[in-house]
Each structure stands twice: as structure tokens, then as C-alpha cells.
Amino acid sequence: MELLLVVLIGILYGTGIYLMLRRSMVKLLIGLLLLGNGANLLIFLLGDLTKGKPPVIPPDSNIFTEIYADPIPQSLILTAIVISFGLQSFAIILLKKVYLATGSDNLDDLNTHDLDI
Amino acid sequence: MMNNFIILPLLLHMTTAVVLLFLWKRIAVQRIVSVIANVLILLVSILLFTKTWQSGIMTMQSGNWPAPFGITFVSDVFSSTMVLFTSISAVAISIYSTIGINRARMKYGFFPIYHFLFMGLNGAFLTGDIFNLYVWFEIVIISSFVLMTLGGKKPQMESAIKYVAMNMLASVIFLTAIAILYGLTGSLNMADLSVKVAKIDNRGLVNVTGLLFFIGFGIKSAVFPLYYWLPSSYHTPPSAIAAIFGGLLTKVGIYALLRFFTLIFIPGEFTMTVFSYVAVATLITGALGAIVKRDVRRMFSYLIVCHIGFMIAGLGLFTEIALAGAVFYLFHDIIVKTNLFLVSGIIYRIKGTMRMPQLGGMYAEYPRLSLLMAIVLFSLVGIPPLSGFWPKINLFLASFMERDYLLIAAMIIASFVTLYVIAKMWTEVFWKSAPKEVELLHADGFAILKPSNKFLLVFPVVFLTMVSLYIGFGAEHIMIISKHIASEMMDTSPYIHAVLGK
């Protein structure tokens, strides 16, 4: 499971950065999206995977008696997902607005006001 | 010492923002509420600073969870001073915005977003938890996205793409670094991390994680070679918004860098060398960029980059004197950069352009205003005894002691180029007589304002100039504070003791 996740995270980061380096705005956005997902999975992986041991104290004791899954990475990922959802939806709307304003998907066309050096 | 008082600045900003959301269409009321709230928050920040100064580091454990488990808010001298200077800028910008931002932008919620942004900034300064810091950063950047695109002009949109993309990338890198650090230590509390990171045997991994944080914060604070988004985006929004960006958003990155690399990752030989070279490159490239630009605000954008180098230099030298200099420079820079963009806004209102060849004749038309602006510009350059001069003494002294002659050369060049571009700007904008054809094209947008509105535009500049003058002439006070902060940076045990209680 760990190995699978490691490979998956690597693929997500790699494709994310590759797509960001392309000239298309849509690919830039998809790249950012994949990078965000990669980061979330990385938190999940580095929080030490523990199978089938929810962090719930059994009713007959006061403390944890055996090893349990760390709940913090899940809460971190949840927060990160919510935040990235907000950012990404903003970015999508922004892309649409920019596309309507410039009529182009090419990032190199975004320098019309940069001509004065 | 347990104290709920320390989150008051951010709670007040949040409450104000929510109240302003209910006053969505009533922009006349919004302006008044926003200015009053900002003045109130300034008073609270002064109180927070004096309390922290007198009684030492204050902490608040949210939800009463004991330190390494819950989210901790910490107010030490560094964070409370940052909150204080942020609040000073907030007051000035909000007064300026009442006239400087057009009605259409206000109708789309300029003021609520403004307060959310400052809530995020104050939160970032006061938190003692790295994931919480990430959340505050996100609040800051999403508010800044909205402010940057507010109004929806084409240049704004184009620059917003670059700004949004780079900031989202910075957040992902920051999050990656948090993930690795959590995997290494199993903790998110800064004080706890400080203890645990020191005990890790695998120093290579620690250095890599540290550099990941450096890249994440470096993009936000615009250091070489990660600054390219800044000069191509900061000149597009209205001046009041650019003032927030130029004065505060890069500085919160610097704050995070100073906090992380003095508390959690104590720089070793390798990291210090990296910082030192990055500082040199930032100083030189920023300075060279500023020489080339003929648009006032673009030139200021490059000067922001250039002066970030001084603060990174302090971190690269990593002695108490250098850190005190870096912190002093940070305080000076917040005030003076905010002021600079407000000044550029007034110039734009008078002349209707930002391009230096088309500007001119300011001194003939507005001699008193020009003299006011001269003080701002001289503070920026650091002509003694104005505010930019004093931190440089510390930085030069520290680099002589550390025998880092390359850094000294870079700092001298950067200071000299700043002087040169400001002198060039002074002759172009103020002394040169205005080109005739531009005079005819654009009517003076400042002269037609009502006297009360003129006052609202000029008062913030006067106010910030007074603060700048105080930093310059009362440099001893600021230096005492900076030295105190630097000593807390070198010896972090009071911070750790205050948070963890052991």
C-alpha cells in the first residue's frame, strides 16, 4: 500500500509540474489541481498508515490500549481539501474571465500590458 | 500566561468583515465602519504590544487543549510588533481607500475583503502552529486574489493569472513541507517542533524540508529567483490595493521565514550560504530591474524585490546584530512601502499616468505635497537620519564581522541604485516641466476634489510619514525592540517555555 501511494504521489507531482510548464492556461490549472491532490496524499502517507484501527477508545477502558490510526492527518487533509476547493473554483472563474477578455488560452498572450520596458 | 486577549485583533477584523457583509450595498456606511474599526484595532494592537513588552510572551491555547496538541496562539515581542505595524498600515490604507477606491469596487465588497485579509495577516503573525499558519496564509491569498481582480480590468486579469498560479504553487510547496515535517516529528506546534527537529539525526532530510519551506515562503516574499510574478502583477490594481500588497503581503513571507529559520530550523553552514547568495542575487537583480523601468509603480515593484534582499541578508548572516537589523528593516519597510504606493496613487490622480516620460511639473504645481513625498522617498533611500538608514548600519556591521564582503558589496550597490532611481524619479516626476500634450489630454483629478476628500487622500500619507520619521528620529526605541526580538531569536528557550510550560 505504501509503495503504491509513493508511486502515485510521484506521478501526481510529476504530471502536475509538467502541466504547469505548458503554455495553456487550462493545463496550468489542471497541473495545480494535481499538485494539490499529490500534497494531500503525501500528508496521508506521512501520517503513518495504520489499517483498521480507528482512534476510538474502547468502552471498557480510559486510554488507548493498542496502536491506533493517527487522526490528525485526516483532519489536515480535510482542511486542505476545503481550502483548495475554494482556491480552485476561484481560479476556474478567473480563467474563464481571462479567456473572455483576451480570447486566448495561451499564457504568452497575457503580456499585452507588459510591452513598456 | 493564559490570555484570550491576544486574538482580539483578528476577532475584531472578522467581526467587522461580517458586519460589513450585512451592509453590502451601503458603501457610505461601510467606509465609516471600516475606518472606525481599524482605529479601534490599532488601539488594541498598541495595548497588545505594551502588555507583551511588559509581561513577556503571552500564549493562548485554543479550546483549552494543552500545548503540543491544540492550536496555540503566541504573542511575543516580534509578532505583537508586526501586528502593531500592520494595524498602522491598515488605518492609513483604509482612510485612503474611502476616496482612492472607486464606487464600483466598493459595491463589490472591497471593505469586507479588506478586513478578511487583515484578519489573515494578524492570524499569521500570532499563531504558533504551522498548519494554522498555512490556513492563515490561504485566507490572506484568497482575499488578495479577490482584491487583485476586483474591478475586472484586462491588465488586472492578466496579472492575476500569474499571481494566482504562483501563490497556489507556493501553498502546495508549503503544504508538502508541512507533510514531511509532520512525518518526521509527528507535531505541528512550532515550539514543540523546535525541540523535536533539533533531535532528528537525519540532518540531510531536515535541511531539505527547511529549503522546501524556504521555497514556499520565498515565492510569497519574492526572493531571487522566485520573484518574477511580483513586478508583473503589483502595478495593475488600484494604488490602495497595491499598497496592501507592497507593504504587507511580501513581509508576511519574510516574517514566516524569520520565524521558521530561527525557531525550527536553525541554519547550518549550508543553509546560511544559500541565504547569503540568495540575498546578494535578490539585491542585485531587484536593483537592476528598478533602473530599467520607466513606469513609477513598476519601478517601486522592483524596489520591493531589491529591499527584500536586506532582510534575507540578515537571515543569511545569522548573528544577533544582523537579525536585529533585518527586523528593524522589516518594520521600516512595511511603513515606507505602503506609503510609497499611496504616494504613487496621488501622483496618478493628479497626472493620470504612471509613465515617467509623460510625468513632470509636480513640484511647480504642488510644492508642499512634493516636499511631503520627498520625505517618503528619502526614508526609502535611507538618507540619515531617516528610517532606512539605521537598520543598514547593523547589517553592514554584521557582515564586516562575518567577513561576508560579497554581501557588503551587494548591499552598497543596492543602496546606491535605490538612491539613483529615486533621484531619477525625482527629476522626471517633480522637477522636469510637464510635457504639453499630456497636460491637454488629462485634467487634474486631484484639484477637482472637495477639500475634505483631498484631506482623506493626503492625511494617510502624512500619518505614515510621521511614523517613518518617528522610526528615523526615535531609532533608539525601535532598535531596543529589534535587539530584544533578535535576542529572543537567538535564544528560543523563553518562547518554548511559554508555549509548552516546561
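These numbers were taken from a predicted model, which means no experiment stands behind them.

*Asks:* In this structure, what is going on with the overall build of chain A? I would like to understand it.
*Replies:* Regarding its fold elements, chain A presents 3 helices and 0 strands. If you list the helices and strands of chain A from N to C, you get α-α-α. Relative to a compact globule of 117 residues, whose C-alpha radius of gyration would be 13 Å, chain A shows 21 Å and is clearly more extended. Taken along its principal axes, the extent of the C-alpha atoms in chain A is 70 × 25 × 25 Å.

*Asks:* Can you walk me through the interface of chain B and chain A in this structure?
*Replies:* Accessible area lost during the coming together of the parts is what is often quoted as the interface size. Taken together, the contact between chain B and chain A spans 29 residues of the former and 28 residues of the latter. Among the secondary structure elements, those contributing two or more residues to the side of chain B that touches chain A are α6 (130-149) and α7 (154-185) of chain B. Broken down by element, the residue count for the side of chain B that touches chain A peaks at 17 residues, all from α7(B). In terms of residue class, the side of chain B that touches chain A is built from 18 nonpolar, 5 polar and 6 charged.

*Asks:* Help me understand helix α1 (residues 8-22) of chain B in this model?
*Replies:* Note on helix geometry: an α-helix contains 3.6 residues per turn, so any two residues three or four positions apart are oriented the same way. All names here are of chain B. Spanning 15 residues, α1 covers 21 Å between terminal C-alpha atoms, matching the ideal 21 Å at 1.5 Å per step. The complete set of buried residues in α1 reads Pro 9, Leu 10, Leu 12, His 13, Thr 16, Ala 17 and Leu 20. Projected down its long axis, α1 shows its buried positions confined to an angular sector of 160°, all on one face. Along α1, the residues that are exposed and aim more than 90 degrees away from the buried face are Val 18 and Phe 22.

*Asks:* What is the right way to look at the packing of helix α3 (residues 77-100) of chain B against helix α20 (residues 475-490) of chain B in this model?
*Replies:* Packed helices, taken two at a time, are described by the angle between their axes plus the distance between the axes. Residues and elements named next belong to chain B. Running from amino to carboxyl end, α3 crosses α20 at an angle of 140°, the nearest separation of the two axes being 9 Å. As summarised for this structure, α3 and α20 are arranged oblique, according to the angle between their axes. In this structure, α3 contributes Val 77, Phe 78 and Thr 81 to the contact, and α20 contributes Ile 481, His 484, Ile 485 and Glu 488.

*Asks:* I keep staring at the nonpolar core and nothing clicks. Help me out?
*Replies:* Nonpolar side chains tend toward joint burial in soluble globular proteins. Residue and element names in this part refer to chain B. Grouped together as the largest cluster of nonpolar side chains are 212 residues, with contacts concentrated most on Val 140 and Ile 178. At 19 residues, helix α13 (residues 320-351) tops the list of elements feeding residues into this core. Setting aside chain neighbours within four positions, we find Ile 178 in contact with Ile 130, Phe 131 and Tyr 134.

*Asks:* Can you help me understand the confidence of the model for chain A in this one?
*Replies:* Note that predicted coordinates carrying low pLDDT should not be read in detail. When pLDDT is averaged along chain A, the result is 85; 95% of the residues meet or exceed 70. Ranking the helices and strands of chain A by mean pLDDT puts helix α1 (residues 2-20) of chain A first, with 93, and helix α3 (residues 71-102) of chain A last, with 89.

*Asks:* I tried to follow helix α10 (residues 239-263) of chain B on my own but got confused; where do I start?
*Replies:* Residues and elements named next belong to chain B. The first and last C-alpha atoms of α10 sit 35 Å apart over 25 residues, in line with the 36 Å expected at 1.5 Å per residue. The largest bend in α10 is about 30°, located at Phe 245. Most of α10 sits inside the fold, with 24 of its 25 residues counted as buried.

*Asks:* So what exactly am I meant to see when it comes to the packing of α10(B) against α13(B) here?
*Replies:* Residue and element names in this part refer to chain B. Two elements in contact, α10 and α13, have axes separated by 7 Å at closest approach and are oriented at 165°. Comparing the axis directions of α10 and α13 gives the class roughly antiparallel. In the crossing of α10 with α13, the sense of the turn from one axis to the other is right-handed. Counted together, Ser 239, Ala 240, Ala 242, Ala 243, Gly 246, Gly 247, Leu 248, Lys 251, Ile 254 and Leu 258 of α10 and Ala 326, Leu 330, Asp 333, Ile 334, Lys 337, Thr 338, Leu 340, Phe 341, Leu 342, Ser 344, Gly 345 and Tyr 348 of α13 form the full contact between these two elements. Of the residues belonging to the contact of α10 with α13, the class tally is 13 nonpolar, 6 polar and 3 charged.

*Asks:* What should I look at first to understand the environment of Ala313(B) in this one?
*Replies:* All names here are of chain B. Residue placement: Ala 313 occurs in helix α12 (residues 296-317). The exposure class of Ala 313 is buried, given the 31 C-beta atoms found within 10 Å. Taking the C-alpha atoms as reference, Ala 313 lies 9.2 Å from Leu 283; in sequence the two are 30 residues apart. Every residue in contact with Ala 313, bar those within four places of it in the chain, is listed here: Ala 279, Leu 395, Leu 407 and Met 411.

*Asks:* I keep staring at the environment of Leu84(B) and nothing clicks. Help me out?
*Replies:* All names here are of chain B. In this fold, Leu 84 is placed in helix α3. Judged by local crowding, Leu 84 falls into the buried class, with 23 C-beta atoms found within 10 Å. As for Leu 84 and Asp 404, which are separated by 320 residues in sequence, their C-alpha atoms are 33 Å apart. Once residues lying within four places of it in the same chain are set aside, the contact partners of Leu 84 are Ser 45, Ile 46 and Phe 49.

*Asks:* Even after reading the chapter, I still don't get the environment of Ala256(B), so can you show me in this structure?
*Replies:* Note on placement: Ala256(B) falls in helix α10. Ignoring anything within four residues of it in the chain, the contact list for Ala256(B) reads Leu133(B) and Phe217(B).

About the thresholds
- Residues numbered from 1 in each chain as written.
- Chains lettered and ligands numbered in written order.
- Predicted model: local features only at pLDDT ≥ 70, side-chain atom pairs only at ≥ 80, totals over all residues.
- Helix = DSSP H or I, 4+ residues; strand = E, 2+ residues; numbered from the N terminus.
- Rg over C-alpha atoms; globule rule 2.2 N^0.38 Å.
- Contact = placed C-beta atoms within 7 Å.
- Nonpolar A, V, L, I, M, F, W, Y, C, P; charged D, E, K, R; others polar.
- Expected span 1.5 Å × (residues − 1).
- Buried ≥ 20, exposed ≤ 12 C-beta atoms within 10 Å, placed from the backbone.
- Arc of directions from axis to C-beta.
- Axes fitted to C-alpha atoms, helices over the stretch in contact; angles between N-to-C directions.
- Parallel < 35°, antiparallel > 145°, perpendicular 65-115°, else oblique.
- Core = buried A, V, L, I, M, F, W, Y, C linked by C-beta atoms within 7 Å.
- pLDDT = per-residue confidence, 0-100.
- Bend = angle between axes of the 7 residues up to and from the residue.
- Left-handed = near helix turned anticlockwise from the far one by under 90°.

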